[in-house]
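Analysis of the macromolecular model
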Amino acid sequence: MTILITGGAGFIGSHFTRRMVNQGRRVVALDKLTYAGNLENLKDVTEDAKPSNLLRFYTGDICEQRLVERILSEESIDTIVNFAAESHVDRSISSASTFIDTDMKGVFVLLEASKQFTINKFIQISTDEVYGTAHQGAFKETDALNPSNPYAASKAGGDRLAYAYWVTYKLPVIITRASNNYGSHQYPEKFIPLFITNALEDKKLPLYGDGKQVRDWIHVDDHCEAIDFLMTHGENGEVYNIGGGNERYNIDTAYFILDELKKPGTLIEHVKDREGHDRRYALDCAKLMSLGWKPKIRFENGLSDTVKWYINNQSWWKRIKNGEFMEYYKNQYSHRFASADSQIC
Ligand code: NAD
Ligand code: TYD
């Protein structure tokens, strides 16, 4: 059985690729290597893989029909796990075009190609953001989708398109909707790695609005384990929420990071809020748990380990936090900070 992992050089995709290769499974990874893709994330499985032929890497775009068809036919792909996406909400607010391409059109290309070849499982990695804000309680898989930013809306498009290929063509599709992931190798534009690395550099932590937004955090290892579990225990045509059961206010997470690093609370600066900011995400995961899976990693333990990883792997994130990243950071944040000494660069 060969698994095609798209987005295999990104944050979650690289963790999943490592997990599969370490289990002795043959993996083909397809990744466009956008700003968020990083071959260094796969270093331990590409250089030290035993045997190394378990992982084959293609640099390429999931929107390229011919490339996708060639991989499916030449590599005898049995299972597809689609992680490839533009994944950052703030970037989607600035410019949505690549989100529509990859998160919708890319899913269409993968589904169409899967229809032509014998694919036994197509796992579409969706997100809890498709539900929009949870005003009360927690979302079940059957609840209406109400995405409120271009990233969430394009993911909802991919999510429903995958479902339509099950209903219409009986393509064996499973859709997963996970909550916010954290862990090692996360690109430092996202909240947790941005705050850890800024604090390590004694830079301000730009907390949006009052910081009382709630996110349910899941450790990336728990998320990957759940996807692995669903590859064998999930039912075709079904959607599964994957939550960590760790709802936290952003401001509490920010203070936890500062405490771990023994840095002062004065590094936090409340800045102009994100447009259309979803106040709270919350998932009801009873459906997945009834099959026998539950998350194992307590948020504070996982976050403490994550902080240590960023302390011990400064070359990884310092290579990223210059050039294109700093340009992005300046564009995204300079108008947000009120104080003159906020050390944007
Ligand atoms: P990421 O941005 O770290 O990685 C995305 C990867 O996809 C990168 O390696 C990038 O190069 C690649 N990619 C982008 N466009 C591509 C294209 N057109 N063709 C091929 N490869 C392309 O994202 P992530 O955080 O690892 O998220 C992975 C998946 O999980 C995404 O589908 C995302 O929507 C979903 N998800 C993420 C979270 C989270 O908290 N990070 C939560 C729930 C769901
Ligand atoms: P993020 O990591 O972008 O994930 P998502 O938007 O998918 O939940 O943001 C997590 C939370 O942190 C979200 O409520 C927005 C907030 N946030 C900040 O307060 N400051 C920041 O600089 C960033 C990037 C996020």
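Preceding this paragraph is the structure being described.
Computed from a predicted model, the values in this text were never measured in an experiment.

Points about the overall build of the chain
- When helices and strands are tallied, the chain shows 13 helices and twelve strands.
- Its C-alpha radius of gyration of 19 Å places the chain within 12% of the 20 Å reference for a compact globule of 345 residues.
- Viewed in the frame of its principal axes, the chain has a C-alpha envelope of about 60 × 45 × 35 Å.
- A buried classification covers 58% of the 345 residues belonging to the chain.
- For the chain, the exposed area adds up to about 14100 Å²; of that, 49% sits on carbon and sulfur atoms.
- One finds the centroid of the 41 positive side-chain charges in the chain at a distance of 1 Å from the centroid of its 46 negative side-chain charges.

Topic: the pairing of strand β2 (residues 26–31)
- Counting buried residues along β2, five of its six residues qualify, which places the element largely inside the surrounding structure.
- Where strand β1 (residues 2–6) and β2 come together, five bridges link them in parallel fashion. By the bridge assignment, T6 is partnered in β2 with L30.
- As judged from the five bridges shared by β2 and strand β3 (residues 55–59), these two strands associate in the parallel manner. Following the sheet pairing, V27 is matched in β3 by L55.

So, the sheet that holds strand β11 (residues 247–249)
- A sheet is described by the order of its strands in space; here three strands give the open sequence β7-β9-β11, paired in mixed fashion. Only two strands of the sheet have a single neighbouring strand rather than two, namely β7 (180–182) and β11. Between one strand and the next, the sheet's axes are offset by a mean angle of 50 degrees, whatever the strand orientation.
- Looking at chain direction, β7 and strand β9 (residues 214–219) are connected through three bridges and run parallel.

Describing the site of ligand 2
- Not every one of the 20 residues close to ligand 2 is listed here, only the nearest: E129, R215, R274, H277 and Y333.
- Residue F191 places a main-chain N or O atom 2.9 Å away from an oxygen atom belonging to ligand 2.
- The separation between an oxygen atom of ligand 2 and a polar main-chain atom of Y208 is 2.9 Å.
- For ligand 2, the accessible surface in isolation is 510 Å², of which the surrounding protein chains cover 97%.
- At the level of elements, α4 (89–94), α7 (191–200) and β8 (205–208) are the ones that each hand at least two residues to the shell around ligand 2.
- Its residues placed into classes, the shell around ligand 2 shows nine nonpolar, five polar and six charged.

Description of the site of ligand 1
- Around ligand 1 there are 28 residues in total, and I12, D31, S87, Y151 and K155 lie nearest to it.
- The separation between an oxygen atom of ligand 1 and a polar main-chain atom of T34 is 3.0 Å.
- Here a nitrogen atom of ligand 1 sits 2.8 Å away from a polar atom, N or O, in the side chain of D61.
- At the level of elements, α1 (11–22), β5 (121–127), α6 (150–169) and β7 are the ones that each hand at least two residues to the shell around ligand 1.
- Take the shell around ligand 1: its biggest share by element is three residues, from β5.
- Residues that form the shell around ligand 1 fall into these classes: twelve nonpolar, twelve polar and four charged.

Let's talk about the packing of aromatic side chains
- Under the defined criterion, the tally for this structure stands at 19 aromatic pairs.
- When the centroid spacing of 6.5 Å and the interplanar angle of 85 degrees are considered together, the rings of Y182 and W217 count as edge-to-face. Taken together, the residues Y182 in strand β7 and W217 in strand β9 connect sequence positions 35 residues apart. Neither Y182 nor W217 differs from the other in exposure class; each is buried.
- Aromatic rings pair up to connect Y35, Y187, Y208, F325, Y328, Y329, Y333 and F337 into one cluster.

Quick word on unusual backbone geometry
- A positive phi angle, near 45 degrees, is found at S76, a position not held by glycine.
- Note on placement: S76 falls in the loop between α3 (65–74) and β4 (77–82).
- The phi dihedral of K170 is positive, around 60 degrees, even though this residue is not glycine.
- Tracing the sequence through the fold places K170 in the loop between α6 and β6 (173–178).
- Since its relative accessible area comes to 51%, K170 is described here as exposed.

A short note on the pairing of β1
- Burial within β1 is extensive, with five of its five residues counted as buried.
- Burial of β1 is two-sided: the residues T2, L4 and T6 facing one way and the residues I3 and I5 facing the other way are all buried.
- As for the winding sense of the linkage, the β-α-β connection from β1 through α1 to β2 is right-handed.
- As paired strands, β1 and β4 are joined by five bridges and run parallel to one another. For I5, the partnering residue across the bridge sits in β4 and is V81.

Brief notes about the environment of H233
- Mapped onto the elements of the fold, H233 is located in helix α8 (residues 220–233).
- Separated by 55 residues in sequence, H233 and L288 have C-alpha atoms that sit 9.4 Å apart.
- Reaching out from H233, the side chain makes a polar contact with the side chain of T232 at a distance of 3.2 Å.

Scoring rules and cut-offs
Residues numbered from 1 in each chain as written. Chains lettered and ligands numbered in written order. Predicted model: local features only at pLDDT ≥ 70, side-chain atom pairs only at ≥ 80, totals over all residues. Heavy atoms only, no water. Helix = DSSP H or I, 4+ residues; strand = E, 2+ residues; numbered from the N terminus. Rg over C-alpha atoms; globule rule 2.2 N^0.38 Å. Buried < 20%, exposed > 50% of the residue type's maximum accessible area, 1.4 Å probe, protein only. Areas by Shrake-Rupley, 256 points an atom, 1.4 Å probe, with all protein chains shown as cover. Lys, Arg positive; Asp, Glu negative; His and termini not counted. Charge placed at Lys NZ, Arg CZ, Asp CG, Glu CD. Pairing = 2+ DSSP bridges. Axes fitted to C-alpha atoms, helices over the stretch in contact; angles between N-to-C directions. Near = heavy atom within 4 Å. Polar contact = N/O pair within 3.5 Å; in protein donor to acceptor, adjacent residues only side chain to side chain. Nonpolar A, V, L, I, M, F, W, Y, C, P; charged D, E, K, R; others polar. Phe/Tyr/Trp six-rings, centres within 6.5 Å; stacked < 30°, edge-to-face > 60°. Right-handed = clockwise from strand over helix to strand, strands pointing away.

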